[in-house]
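Structure assessment
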Amino acid sequence: MSSKSISRPYWLSVIVIGLGLVCLWGGLSLPAASRYAGIGPGAVPTFIGAVLVVLGLLLAIQIYRGEPFEAQGTENADPNLPMNLRAFLLALVAAGLPILTLKSFGLPLAAMVSFALVARSFGSTRLGWDLLTGLILGLLSWFLFDRLGLQLGGLLPLAGI
Amino acid sequence: MNSFEYLLHGFGVALEPMNLLWALIGSALGTMIGVLPGIGPALTIALLLPVTVSIAPTAAFIMFAGVLYGAMYGGSTTSILINTPGEAGSMMTALEGNRMARSGRGAAALATAAIGSFVAGTLATLTLTFVAPLVAELAFIFKPADYFALTVLAFCSVAVVMGTSRIRGFISLFIGLGLGVVGIDKLTGQPRLTYGVAELLDGIELTVVLVSLFAIGEILFVASRYSQARETPLKVSGKWMTREDFSRSWKPWLRGTVIGFPMGALPGGGSEIPTMLSYTLERKLSPKPEDFGHGAIEGVAGPEAANNAAAAGILVPLLTLGLPTSATAAVLLAAFQNYGLQPGPFLFTSNPDLVWGLIASLYIGNVMLLVLNLPLVGLWVKLLSIPKPQLYAGILIFALIGIWGVSGSEVDLIVMLIIGIAGYVMRVYDFPIAPVLIGLILGPMAEYQLRTALASAQGNPMTLVETPISITFLAIAALIFLAPALLRRLRANA
Amino acid sequence: MHVRNLFAATVVAASLSTAAIADVSVMLPANPGGGWDGTGRQAFAAMNAAGIYTEGVNFTNTGGAGGTIGLAEFQNSQSGKPDALAVFGAITVGAIMLNSSPIDLSTYTPIARLTAEHLVIAVDARSDIETLEQLVEQMKADPGAVPVGGGSAGGVDHIALALLAQAAGIAVGDLNYIPQAAGAETVTGIVNGTLKAGISGISEFQQFQDQGRIRILAITADERREGLDVPTFKEAGFDVEIANWRGILGAPGMPEDNAAEWIARFDQLNDSAEWQQVMQTQGWDSYYQSGPAFGEFIAEENARIGDILRGAELVE
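Residues numbered from 1 in each chain as written. Chains lettered and ligands numbered in written order. Predicted model: local features only at pLDDT ≥ 70, side-chain atom pairs only at ≥ 80, totals over all residues.

Note the cut-off: UniProt positions are given in the numbering used here, feature names are shortened, and annotations may be inferred rather than shown by experiment.
The name an unreviewed UniProt entry gives chain C is Tripartite tricarboxylate transporter substrate binding protein, with Paracoccus caeni as the organism. According to the UniProt record, the Sequence similarities (unreviewed entry) comment for chain C is "Belongs to the UPF0065 (bug) family."

Per an unreviewed UniProt entry, the recorded name for chain A is Tripartite tricarboxylate transporter TctB family protein, and the organism is Paracoccus caeni.

Below, the structure written as structure tokens:
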């Protein structure tokens, strides 16, 4: 975000307060005291929730005052670039798709699709190669880690293998 | 037997051919991930955790130790040759090391980093050898109130020191603490914040959070702001090390070790702060302070020594008290627990082969790493030519295996996606990541020790400030909390 | 391989409806490497070695929450199946109640109880408490002032202490029980003064007595144990016997013929030299019981543990 206009991401503090309330609600539904320790299982979650709510409000004040939020620098990323929404969504789909595909399609196929999606989101145009690399990587890891004793599920569960 | 005899015995274990092979695999893997972006030692060991099912504990820990040390070596290579620190602990190295490489003294920078890492690693391991058994006895003196005070100190320091804003630091910390509460309450057996999801009863796994925040969050962030600008590594040029380089390096190596080791042993210390302190100190002490910013060799030698010593330092509280002080240590603790082992004072007596084999392997690993990183540095630089799209795609696959392979649970994959998005948002809005992990790791311990202390004292809160140890820790914590300006000035100076 | 087996199974099952050739599925509701995992895998390895059951075995590890997560999954996917077994243990009984898990053990098919470890209670080696009676005396006087450490809340260690309290006329709710992460942690707590006493399995505590850190006062078995010169709880005047047992369950609704077959196989296993050898090398004590008798035992444990947990106000 450059100096064009100060962004006011109030939603950040909404999320923090929301998390705090979830914690607070859970904490308050548990006994707050116990026989000998004095504080029971509910005390600490209640405390954490309350602090998060307060921190969320403080964050809102900071945002109101125009606190700058600069993206962190990291390798291969330029924090000053505008967000590439398409690339972000592709990578997000790549990370989320295995929730649906891993169990039924097996690791190698799920890996193939996710690999190609991430590579695409980073601007790779060789879809065929990426699919192939992903499949080989998935197969190799499946055999290696299966031998090491991991439960990676079937190789191709749809075919009953 | 005394420490020395145990150590000799340990060498017997570590020098078995298979164990040497594991040390080599670990060292090479560690160097590799140190060079590559996006994966650190904690994440790597987390992804390797599943092998604990099929590998003997001694072999596994020898390999993990190689990864831990190797990452520190490898991180310096990228800092010097392409000015992008592979690890947080190599940030300071990039400042001077890259300048040195630009002015044709890359070889000297690499040499002082590698030899400094070796010297510090060896000295720190030596200290570990003789200090650890003594610290182990502390476990019988340390009471729950002391542990509680120590964790409070860690929380304050990590939230205040990391990142740019105290509020955001504490938000990160408390999110971590909140995640740590999820699951069955240890003291009463009641489920907390699980909201009816059975898979959450055992809590949110550290490895899931680690993989999500670091791997998934990083992939999303880099994808959304991917900079195609290719950084070609600088050529390794110049003489390895002249007599002058050496005479300017050896004192910073020693000072870096002295700073790094104890800081690594303290919770929340990590490797960022000791390297920063070492850098600041070397600039103050240098006879040629004007060199700093233009490639001062002291500015590479000191911080590199400090980060390796810190890596060894984390092993002291981990092995002796079962107290993890960083994310890497917490993952190692998880590995111990996978084997049904509980690090602590009794580990030294019940599993001498494991503990002393591990310590001996640290000496051996250091020698291996020196060889891997000086003559063979060109090999590792080649890794940087892996095209980035495929590199990040590969990281995602390993992240998936690391999560799916352990639990086989879709709930974990959903948690991964949610926390991954959170990791993305935190990067965009500059919330520090480390406090989340520290909160998750030490939060449950803080609560447990607090409630145990109170239960043991039948609810009398004065028990928390009864021992000199707890008073000291709590006082330092208060100081850190109340005087952030001081620390910020330190940062600004660095 | 699997497909072929299944095919073969269908063909054979059609012609000779008695023999079950399909692989048996075994749920190990713990992470790999733990006690339940070992019990299941070693039992089937011994069965194979002894030639009692040599067909394929599919193990699934689903750890968490005292076995309740694995059993819930087992119940959903295997109910009514002829060849589906699960490993479980004493801890599961309490965990089901503590986690309000929907699992009802009485709907499962009891197969066999295999092994057990008895518990011991210990104090600091430097303590002036010499006998269990003295410890109980102090607890009676002021239960809060005697913090006792042991395994997880509602686990076997906790239940053992509660039974001791009941036998001594102390209200279970008055106990100051502090769960610890492991036996070694309990010992550390005893030595640094946080705990007055600790309860754990013999194998965990014996080494610390040998090192001179703790003094074991009594054991929860019905008779004294060789190599450990301590009285039983009964000898000390408290009628308590409890063990951390492990056993095998069949899926809910397992056909009766199959259940009988599996019970027979485990009976044979128990008599086999191979299994005796496994127990000896692993340091497990035999605690064998099978079929309906085991089912009654589970029901009794269920009632006894339920009483205790309600008394300790851990469940409603």
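**Considerations on the overall build of chain C**
As a reminder of what qualifies: Each helix is a run of DSSP H or I of at least 4 residues and each strand a run of E of at least 2, with the numbering of both proceeding from the N terminus. Note on method: radius of gyration uses C-alpha positions; expected globular size equals 2.2 Å times residues raised to 0.38. In this description, a residue-residue contact is defined by the distance between C-beta atoms placed from the backbone, which must lie within 7 Å.
Scanning chain C from terminus to terminus reveals 11 helices and 10 strands. Expected size for 316 residues packed as a compact globule is a radius of gyration near 20 Å; at 21 Å, chain C falls within 12% of this value. Taking the contacts inside chain C whose residues are at least 6 apart along the sequence as the reference set, 76% of them involve residues at least 24 apart.

**Some words on the overall build of chain A**
From N to C terminus, chain A includes five helices and two strands. In chain A, the order of α-helices and β-strands from amino to carboxyl end is α-β-β-α-α-α-α. Relative to the globule expectation of 15 Å for 161 residues, the C-alpha radius of gyration of chain A, 23 Å, shows a markedly less compact shape. Seen through its C-alpha atoms, chain A measures out along the principal axes to roughly 55 × 55 × 25 Å.

**A closer look at the environment of A:Asn84**
What counts here: Counting other C-beta atoms within 10 Å of a residue's own tells you its class, since 20 or more makes it buried, 12 or fewer makes it exposed, and anything in between is partly exposed; those C-beta atoms are placed from the backbone.
Along the chain, the position of A:Asn84 falls in the loop between helix H2 (43–64) and helix H3 (85–96). Assessed through the 17 C-beta atoms surrounding it within 10 Å, A:Asn84 is described here as partly exposed. Setting aside chain neighbours within four positions, we find A:Asn84 in contact with B:Ser224, B:Arg225 and B:Tyr226.

**Quick word on the UniProt feature "transmembrane region" (unreviewed entry) in chain A**
All names here are of chain A. With numbering aligned to this structure, UniProt lists the feature "transmembrane region" (unreviewed entry) at residues 12–30, 42–64, 85–107 and 127–145. Helix makes up 89% of residues 12–30 and strand makes up 0%, while its end C-alpha atoms are separated by 28 Å. Each end of residues 127–145 is marked by a C-alpha atom, and these two atoms are 26 Å apart; helix forms 100% of the span and strand 0%.

**Observations regarding the domain arrangement of chain A**
The cut-off we apply is this: Here the limits of each domain have been adopted from an automatic or database domain assignment.
Along its sequence, chain A is carved into domain 1 (10–64) and domain 2 (85–159). A C-alpha centroid distance of 38 Å is found between domain 1 of chain A and domain 2 of chain A.

**Comments concerning the domain arrangement of chain C**
Residues and elements named next belong to chain C. Let me state the cut-off plainly: Three residue categories are used. Nonpolar comprises Ala, Val, Leu, Ile, Met, Phe, Trp, Tyr, Cys and Pro, charged comprises Asp, Glu, Lys and Arg, and polar comprises the others, including Gly.
For chain C, the domain assignment lists domain 1 (2–116 + 243–311) and domain 2 (118–219). Taking only C-alpha atoms into account, the centre of domain 1 sits 31 Å from that of domain 2. The partner domain 2 presents 12 residues to the 13 residues of domain 1 that form the contact. Those elements giving two or more residues to the side of domain 1 that touches domain 2 turn out to be helix H4 (90–98), strand E9 (243–250) and helix H11 (291–311). Top element by residues in the side of domain 1 that touches domain 2 is H4. It accounts for five residues. Within the side of domain 1 that touches domain 2, the residues separate by chemical class into nine nonpolar, four polar and no charged.

**Considerations on H2(A)**
What counts here: The span you would expect from a helix comes to 1.5 Å times its residue count less one.
Along its 22 residues, H2(A) runs 32 Å from first to last C-alpha, staying within 8% of the 32 Å computed at 1.5 Å per residue. Buried within H2(A) are the following residues: A:Ala43, A:Val44, A:Pro45, A:Thr46, A:Ile48, A:Gly49, A:Leu52, A:Val53, A:Leu55, A:Gly56 and A:Leu59. The inward-facing, buried residues of H2(A) abut helix H1 (10–28) and strand E2 (38–39) of chain A together with helix H8 (166–181), strand E2 (191–192) and helix H20 (434–456) of chain B. Phi turns positive one or two residues past the end of H2(A), at A:Gly66, with a value near 85 degrees.

**Considering the interface of chain B and chain A**
The interface is formed by 60 residues belonging to chain B together with 66 residues belonging to chain A. Mapped by element, the contributors of at least two residues to the side of chain B that touches chain A are H8, helix H9 (206–224), helix H18 (388–407), helix H19 (410–428) and H20 of chain B. A total of 12 residues in the side of chain B that touches chain A trace back to one element, the largest contributor, which is H18(B). The class makeup of the residues in the side of chain B that touches chain A is 35 nonpolar, 15 polar and 10 charged.

**Re unusual backbone geometry**
With the exception of glycine, most residues fall at negative phi, and the peptide bonds are largely trans. Residues and elements named next belong to chain B. Located in the positive-phi region is tyrosine 195, a residue other than glycine, with phi close to 45 degrees. You can see tyrosine 195 is positioned in the loop between E2 and H9. Positive phi, close to 55 degrees, is recorded for glutamine 458, a residue that is not glycine. Mapped onto the fold, glutamine 458 is located in the loop between H20 and helix H21 (468–482). A residue is classified by how many C-beta atoms lie within 10 Å of it, and glutamine 458, with 16 of them, is partly exposed.

**A word on the environment of B:Pro57**
Structurally, B:Pro57 can be placed in helix H4 (residues 57–82). Beyond its immediate chain neighbours, meaning those up to four positions away, B:Pro57 contacts B:Tyr339, B:Leu341 and B:Leu354.

**Section: the packing of helix H3 (residues 41–48) of chain B against helix H14 (residues 327–338) of chain B**
Residues and elements named next belong to chain B. Here is the rule: Lines fitted to C-alpha atoms define the axes, with helix axes restricted to the stretch in contact, and inter-axis angles between N-to-C directions lie between 0 and 180 degrees. Here is the rule for angles: anything less than 35 degrees is roughly parallel, anything more than 145 is roughly antiparallel, 65 through 115 is roughly perpendicular, and the remaining ranges are oblique. Crossings are assigned a handedness: left-handed for a near helix turned anticlockwise from the far helix by less than a right angle, right-handed for a clockwise turn.
Interaxial distance between H3 and H14 falls to 8 Å at its minimum, and their mutual angle equals 15 degrees. Viewed along their axes, H3 and H14 adopt a mutual orientation that is roughly parallel. Relative to H14, H3 is oriented so that their crossing is left-handed. Across the interface between the two elements, Pro41, Ala42, Ile45 and Ala46 of H3 pack against Ala327, Thr328, Val331 and Leu332 of H14.

**Description of the confidence of the model for chain C**
Parts of the model with low pLDDT should not have their predicted coordinates read in detail. Just so we agree on the cut-off: The pLDDT score gives, residue by residue, the confidence of the prediction method on a 0 to 100 scale.
On average, residues of chain C score 83 in pLDDT, and 91% of them reach the 70 mark or higher. Scored as a complex, the prediction yields pTM 0.84 and ipTM 0.91.

**Observations regarding the environment of C:Ile263**
Tracing the sequence through the fold places C:Ile263 in helix H9 (residues 256–271). Linking C:Ile263 and C:Glu137, residues 126 residues apart in sequence, is a C-alpha distance of 45 Å.

**Here's the deal with the pairing of strand E3 (residues 84–89) of chain C**
Residue and element names in this part refer to chain C. Under the convention used in this document: A pair of strands is labelled paired if DSSP reports no fewer than 2 bridges between them.
The buried fraction of E3 amounts to six of the six residues, a majority that puts the element mostly inside the structure. Along E3, one buried face is formed by Ala84, Ala86 and Phe88 and the opposite face, lined by Leu85, Val87 and Gly89, is buried too. When strand E1 (residues 24–28) meets E3, the two strands line up parallel, connected through three bridges. Counterpart to methionine 27 in the pairing with E3 is alanine 86. Across five bridges, E3 lies against E9 in antiparallel orientation. Across the sheet, residue leucine 85 finds its bridge partner in E9, namely glycine 250.

**A word on helix H6 (residues 156–168) of chain C**
Since one α-helical turn is 3.6 residues long, residues separated by three or four positions face the same way. Residues and elements named next belong to chain C. In a regular helix each residue adds 1.5 Å, so 13 residues correspond to 18 Å; H6 covers 18 Å between its end C-alpha atoms and thus fits that length. For H6, the buried fraction is high: 10 of the 13 residues fall into the buried class. By the burial criterion, the buried members of H6 are Val156, Asp157, His158, Ile159, Ala160, Leu161, Ala162, Leu163, Leu164 and Ala165. Downstream of H6 by a residue or two, glycine 169 has a phi angle that is positive, lying close to 80 degrees.

**Regarding the packing of H3(A) against H9(B)**
Helix-helix packing is characterised by the crossing angle of the two axes and by the distance between the axes. Direction vectors running N to C along H3(A) and H9(B) enclose 155 degrees, while the axes themselves pass 7 Å from each other. As the angle between them shows, H3(A) and H9(B) are arranged roughly antiparallel. The handedness of the crossing between H3(A) and H9(B) is right-handed. From H3(A), A:Ala87, A:Phe88, A:Ala91, A:Leu92 and A:Ala95 reach across to H9(B), where they touch B:Ile216, B:Ile219, B:Leu220, B:Ala223 and B:Ser224.

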